[in-house]
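These are the residues of each chain, in order.
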Amino acid sequence: MKRIGILTSGGDAPGMNASVRAVARRVIGEGLEAYGINYGFAGLVAGDIHKIEYADVDDVIQRGGTMLYSARYPEFATAEGQLKGIEQLKKFGIDALVVIGGDGSYHGALALTKRGFNAVGIPGTIDNDIPDTDFTVGFDTAVNTALDAIDRIRDTARSHQRTFIVEVMGRNAGDIALWSGIAGGADIIVIPEKGYNMQEIADKLNNNREHGKDSGIIVLAEGVMGASDFAAELDTYGNFETRVTILGHTQRGGVPTAKDRVLASRFGDYAVQLLMEGKGGLAIGIQNNELVAEDIVATLEEHKHHTDLSLLDLNARLSTPR
Ligand code: F6P
């Protein structure tokens, strides 16, 4: 083992740079060479590959985005794309690869593993929707970004007695909505794992009003529906003075939190450890604060991400007057 490659792929997530740094620093510290691959699997196929020196990852731990750039590249699902990728890895003498990203990125790592090339996946996505890990890199920062927005929206909602529908990202997972909603004291959190009943939501808002609470925050996960459609539907159940805020890609950027940086650093270090032990085809995760490595095939094909639905019950208990 001499050279280890690193790439980031799919949607960027705050903390990816901290992972790239950790991988590179551990690799270099072990007397090996680190190679960065730009633009994810697209760059791999194109041979956009360069050596990473120690100082190249200086001053990046605090930066959002990814210094290696990212791309969604469905072409890597084809045999042609995968074979070209392996050809490039061989050309640059790269022996093993760390892939930082979400679901699609893991599929790329799995494809390489199935073709006999050691690759491990680090979960990097704001969505927190990867199986076999309690948290993904970027989730904590995204939650805090959404929370900051909710706190601000609360000020204006209260001043005008309005009901705000705040749409957060998460793809098909409700984790960002749940965490930012609870932390932000939302009245109602709507997630795809559970669905909603608009009559019940209207009743709840009316009940709040009867108890002297005349403004409201509904945190809506994007996987349910768009916030504008949701508001239009709610408007047919009464006059709630609805307003819509879609947080969108603001949740993807910004300075990573300490929690994300530490998680990213632990994952990066562990990924190199596994590859040096000659292991591949693994999905790294954290469970009950312990680092784990699961078979990537099982992670992708058999296991499911479990959104903690007890948080929804918690929110209901904390935001329902009698
Ligand atoms: O997977 C991360 C994510 O930000 C999702 O929350 C969102 O649905 C999607 O990516 C947006 O993708 P894009 O940046 O390609 O528009």
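Residues numbered from 1 in each chain as written. Predicted model: local features only at pLDDT ≥ 70, side-chain atom pairs only at ≥ 80, totals over all residues. Heavy atoms only, no water.

**Overview of the UniProt feature "domain: Phosphofructokinase" (unreviewed entry) in the chain**
Part 1 of the argument: The positions UniProt marks with the feature "domain: Phosphofructokinase" (unreviewed entry) are residues 3-275.
Part 2 of the argument: For residues 3-275, the end-to-end C-alpha separation is 11 Å, with 43% helix and 17% strand making up the annotated structure. (UniProt positions renumbered as here; feature names shortened; annotations may be inferred. Helix = DSSP H or I, 4+ residues; strand = E, 2+ residues; numbered from the N terminus.)

**Quick look at the UniProt feature "binding site: ATP" (unreviewed entry) in the chain**
Part 1 of the argument: UniProt feature "binding site: ATP" (unreviewed entry): in the numbering of this structure it lies at Gly11, Arg72, Tyr73, Gly102, Asp103, Gly104 and Ser105. In three dimensions, the annotated residues from a span of 95 residues occupy one location, with a maximal C-alpha spread of 12.6 Å.
Part 2 of the argument: Residue classification places glycine 102 among the buried positions, given a relative accessible area of 12%.
Part 3 of the argument: If we ignore the near neighbours within four places in the chain, the residues touching glycine 102 are Ser9, Gly124, Thr125 and Ile130.
Part 4 of the argument: Among the secondary structure elements, glycine 104 is positioned in helix α4 (residues 103-114). (Buried < 20%, exposed > 50% of the residue type's maximum accessible area, 1.4 Å probe, protein only. Contact = heavy atoms within 4.5 Å.)

**A word on the sheet that holds strand β1 (residues 3-9)**
Part 1 of the argument: Within the open sheet, the seven strands sit side by side as β3-β2-β1-β4-β5-β10-β11. Their pairing is mixed. Bordering the open sheet on either side are β3 (49-52) and β11 (290-295), each of which pairs with just one other strand. Shown here is a sheet whose adjacent strand axes are inclined to one another by a mean of 30°, direction ignored.
Part 2 of the argument: Note: strand β10 (residues 282-287) against β11, six bridges, orientation antiparallel. Its bridge partner lying in β11, isoleucine 286 is registered against leucine 291.
Part 3 of the argument: The strands touched by helix α1 (residues 16-29) within the sheet are β1, β2 (33-37), β3, β4 (96-101) and β5 (119-123), with β1 carrying the most contacts at an inclination of about 180°. (Pairing = 2+ DSSP bridges. Axes fitted to C-alpha atoms, helices over the stretch in contact; angles between N-to-C directions.)

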